[in-house]
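Here's the letter readout for the chains.
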Amino acid sequence: MKNYKKKRKKYPGRMTKLEMLKFEKERLKWELDKTKKESDDFFKMIIFVIGLFLLSYLLGFWGTESGPAWKL
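For every chain, the first residue of the written sequence is number 1, and numbering continues from 1 along that sequence. Where local features are concerned, this predicted model is filtered to residues with pLDDT of at least 70; where side-chain atom pairs are given and counted, the filter is 80 or more; whole-chain, interface and lining totals use all residues. Side-chain figures throughout are based on the complete set of non-hydrogen atoms in the structure, without hydrogens or water.

K.L.:
Help me understand the pattern of salt bridges in this model?
P.N.:
Where charged atoms from two side chains of opposite charge approach closely, those side chains can pair. The term salt bridge refers to a pairing of a side-chain nitrogen on Lys or Arg with a carboxyl oxygen on Asp or Glu at a separation within 4 Å. Enumeration according to the criterion identifies three salt bridges in this entry. In this structure, Arg27 engages Glu24 in a salt bridge whose closest nitrogen and oxygen atoms are separated by 2.6 Å. Here the residue Arg27 and the residue Glu24 both occupy positions in helix 1 (residues 17–63), the gap between them amounting to three residues, near one helical turn. Here Arg27 falls in the partly exposed class, since its relative accessible area comes to 34%. Here the term buried applies to any residue with accessible area under 20% of the maximum for its type, exposed to any over 50%, and partly exposed to those in between, with areas from a 1.4 Å probe on protein chains only. Residue Glu24 is classed as partly exposed on the basis of its relative accessible area of 32%. Among the salt bridges present, the one from Asp41 reaches Lys37, with a minimum N-O distance of 3.5 Å. Separated by four residues within a single helix, Asp41 and Lys37 lie in helix 1, roughly one turn from each other. Residue class for Lys37 comes out exposed when judged on its relative accessible area of 54%. Here the salt bridges do not stand alone but share partners, grouping Glu24, Arg27 and Glu31 into one network. A run of H or I in DSSP counts as a helix once it spans at least four residues, and a run of E counts as a strand once it spans at least two, with each numbered from the N terminus.

K.L.:
So what exactly am I meant to see when it comes to a nonpolar patch on the surface here?
P.N.:
Only residues above 30% relative accessible area that lack a salt bridge enter a patch, with like-charged residues linked at up to 9 Å and the nonpolar side chains Val, Leu, Ile, Met, Phe, Trp and Tyr linked at up to 5 Å. All accessible areas in this document rest on Shrake-Rupley with a 1.4 Å probe, and a residue is counted as covered only by the protein chains that are shown. A surface patch of nonpolar side chains, about 900 Å² in accessible area, is lined by Phe42, Met45, Ile46, Phe48, Val49, Ile50, Leu52, Phe53 and Leu54. Secondary-structure assignment places Ile46 in helix 1. For Ile46, a relative accessible area of 34% translates into the label partly exposed.

Encoded structure:
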C-alpha cells in the first residue's frame, strides 16, 4: 500500500479565523461607505428643500400684490 497525504481542511465548510477577519473587514468597509453616501444624500436633499422654499418665497414676493393669499 502506498502512503500519501491528503490535503484537506481541518473543518470543512467552516471559515478560518483569518477568513472571518477579512470578511468582517470588508463588511465594515462596505457599511462605512454606505453610511457616508446616505449622509451625503441627506445633506443634498436638505439643501434642495431649503432652495425650493427660498425660490418659492422670492417668486411669490415679487410676483404678487399685497393682500389676501387667495382672491375671492
